[in-house]
Each structure stands twice: as structure tokens, then as C-alpha cells.
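Notes for the structure review
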Amino acid sequence: MSQATPPVQAPEAVVEIDKLWSVFRTAGQDAVIHKDLDLTIARGELMSIVGGSGSGKTVLLRQILGLEKPARGRVTVLGKPAAELGSEGAASRVGMLFQHGALFSAFTVLENIAFALRELRTLPRALIRDAAMVKLQMVGLDPAQANKMPADLSGGMVKRVALARALIMDPPLLLLDEPTAGLDPDSADAFCALLRSLHRELGLTVVMVTHDLDTLFELSTRIAVVADKHIIASGRPQDVIAYPHPFIHDFFLGERGQRAMGLLREQPFAV
């Protein structure tokens, strides 16, 4: 007697956004940024969020971080309301890489990386230093850079230090806001290679906002497109590009998109 095939379990959801409304009061009137927006991000995905100017991409990251409170709807991160991420120990659940690094200018490289561990006030100083040195080397920087100040770093090095700081608590979820903005092509390619390696080796779930098509095609396992105040398409890059919508056509199939399409044709994407 043949055995029944066990049902395929859906991947565990790390981020769940259900019927989200983001509303801001401007000049005495309500400005609706998101309306009934739904999005689920599964464990291990590298999800890229794209959209036009003013579509609320960064607002969406702030909602996931719990920094903005939804006017309506629900945002759940790692099984808990996103609003709880502001509580103690949040850095152990979510790491954030800001667009321009946002390093503390008065701290050394090592002090920047160690910041979240230092704020816990529970670990010996030597252990904090060792952990920060491990993360420094994990992002491809030499230990000799540890005592430099942010003003002495190149743009690519600033991004790497900021990434090490975001990962200091080994969070399972990493948020990236325009990770390759301001980098020259070689530095951007190197940073993408680093992100791809860390995503694979650490088993991270990554949510990235970017307008850089090369970065988008190089890294994304899935793309979500924000337009008309909600997610109009979500799926593998090649499937999203085929979705009939004016923004998708202009964004992906314009001159810039055509130049980047070679990556899409050459790179095998996860199903």
C-alpha cells in the first residue's frame, strides 16, 4: 500500500503585513501613503521593495522596525507586533543598515560596531571588543581599521562598518535602505558580493529598499512593487517584470532597466 505524500509546509513567515494603512497629517489634511497593503516575507528570503518617489518604501521599513504606528492594519515581525521591537533587546532580532551608514562620527570603527553590545551593560569589555573584531573581519575589513574614525573611511568602508554594526547581535532579520547608494560601480559590486555571501552563510532574512537595478537583480530572490498605495506585484524578478503596470514598465523596461536586464538573463534565481 503506497504511503500518502506529506503536505509541503509553507516557509515560516518572518514579516507579515496585513491590511496596512500609513496615514500622515499634512497641512491639516490626512495624506494616505499605504492603503490595505499586504506583504509576507518568508524566512531566508532576500526581498527587495521598489516603488516611485513618495510611494512609501522607507515608511514601510519604519513600519517593520516599529518606528511608525499603522493607522490601521497589522505588522508582525518574528511572530510579535512590530511595535514591540522598540523594547529592550530589539537589536538581537532586527539589524538596520541606513542609507548613508549613519555612523557615530565621534566613535571609532570598533566603538561603532560594538555600540549595541555596550548599551546592554551586561558583558565584559574584553568580550565586547572581541565580538566587534569578529564582525569587523566578517565584513571584509582588516583589524588595522578598528581604531580609525568614520571621517577617515571611504564610502565602501563606511557601508561595511555599518553592516558590521547591524549584525553585532546576530539578528535573523536585516533591513537595508539603499545599501549601494553613493558607491562607485566596483565598490557596489563588492558590497553586493558581501551581502550575498552573508545572506547565504548566516541564513539571514533580508528586506532591502533600492532603486539600483544592478543591485536589485544581483541580490533579490523576490521583488515587491509599491504603487497605487499598495503592493501591486510580488514574486520572482522575471515574473514581476512581466506584470502589466505603467510603473513596472517604466522602471524595469526603460533604458536603465534594459542595461541591467543582462543580469536577470544570466543569473539563476531561486524559485
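For the structure itself, consult the block above.
Presented here is a report on the structure given in the accompanying data block. (Residues numbered from 1 in each chain as written. Predicted model: local features only at pLDDT ≥ 70, side-chain atom pairs only at ≥ 80, totals over all residues. Heavy atoms only, no water.)

Some words on the pairing of strand E1 (residues 13-26)
When E1 meets strand E2 (residues 29-42), the two strands line up antiparallel, connected through ten bridges. Within the sheet, the bridge partner assigned to Thr26 lies in E2 and is Gln29. Counted along the chain from E1 to the antiparallel partner E2, the turn is two residues long, and its residue Ala27 has a positive phi close to 50°. Here five bridges tie E1 to strand E4 (residues 72-77), and the two strands are oriented antiparallel to one another. Residue Glu16 lies in a different strand from E4, and its bridge partner there is Thr76. (Pairing = 2+ DSSP bridges. Helix = DSSP H or I, 4+ residues; strand = E, 2+ residues; numbered from the N terminus.)

Let's talk about the packing of aromatic side chains
Scanning the model with the defined rule gives six aromatic pairs in all. Where Phe251 meets Phe252, the ring centres are 4.9 Å apart and the plane angle is 80°; that geometry is what we call edge-to-face. Both residues of the pair, Phe251 and Phe252, belong to the buried class. Ring pairing ties together the aromatic residues Phe217, Phe247, Phe251 and Phe252, which thus form one cluster. Positioned above the aromatic ring of Trp21, the side-chain terminus of Arg72 is 3.9 Å from the ring centre. Over the aromatic face of Phe107 sits the side chain of Arg118, whose NZ or CZ is 5.2 Å from the ring centroid. (Phe/Tyr/Trp six-rings, centres within 6.5 Å; stacked < 30°, edge-to-face > 60°. Buried < 20%, exposed > 50% of the residue type's maximum accessible area, 1.4 Å probe, protein only. Lys NZ or Arg CZ within 6 Å of the ring centre and 35° of its normal.)

Here's the deal with the pairing of E4
Pairing between E4 and strand E5 (residues 80-81): two bridges, direction antiparallel. By the bridge assignment, Thr76 is partnered in E5 with Pro81. In sequence, E4 turns back onto E5 through a hairpin of two residues, with Leu78 there showing a positive phi of about 55°.

Side note on the nonpolar core
Core analysis: the largest hydrophobic core is formed by 40 residues, its most contacted members being Ile113, Leu163 and Leu174. No other element matches the seven residues that helix H5 (residues 155-166) contributes to this core. Not counting the four nearest positions on each side in its chain, Leu174 is found in contact with Gly95, Met96, Leu163, Ala166, Leu167, Leu204, Thr205, Val206 and Val207. With 26 residues, the next largest nonpolar core counts Ile64, Leu85, Met96 and Leu175 among its residues. (Core = buried A, V, L, I, M, F, W, Y, C linked by side-chain atoms within 4.5 Å. Contact = heavy atoms within 4.5 Å.)

Notes on the packing of H5 against helix H6 (residues 185-202)
Closest axis-to-axis distance for the H5/H6 pair is 11 Å, and the angle between their directions is 15°. Of the possible angle classes, the one that applies to H5 and H6 is roughly parallel. Here the hand of the crossing between H5 and H6 comes out right-handed. Within the contact between the two elements, H5 uses Lys159, Arg160 and Leu163 and H6 uses Ala190, Phe191, Leu194, Leu195 and Leu198. The residue inventory of the contact of H5 with H6, partitioned by class, reads six nonpolar, no polar and two charged. (Axes fitted to C-alpha atoms, helices over the stretch in contact; angles between N-to-C directions. Parallel < 35°, antiparallel > 145°, perpendicular 65-115°, else oblique. Left-handed = near helix turned anticlockwise from the far one by under 90°. Nonpolar A, V, L, I, M, F, W, Y, C, P; charged D, E, K, R; others polar.)

Side note on the sheet that holds strand E3 (residues 46-51)
With mixed pairing, the six strands of this open sheet are ordered in space as E6-E7-E8-E3-E9-E10. This sheet does not close on itself; its edge strands, each paired only once, are strand E6 (94-97) and strand E10 (230-235). Neighbouring strand axes in the sheet, compared pairwise and without regard to direction, differ in orientation by 20° on average. Alignment of strand E9 (residues 222-227) against E10, held across five bridges, turns out to be antiparallel. The partner of Ile223 across the bridge, within E10, is Gly235. Contacts from helix H1 (residues 57-65) reach E3, E6, strand E7 (173-177), strand E8 (205-209) and E9 within the one sheet, and its direction differs from that of E7 by about 155°. Across the sheet, H5 is in contact with E6 and E7; its angle to E6 comes to roughly 165°.

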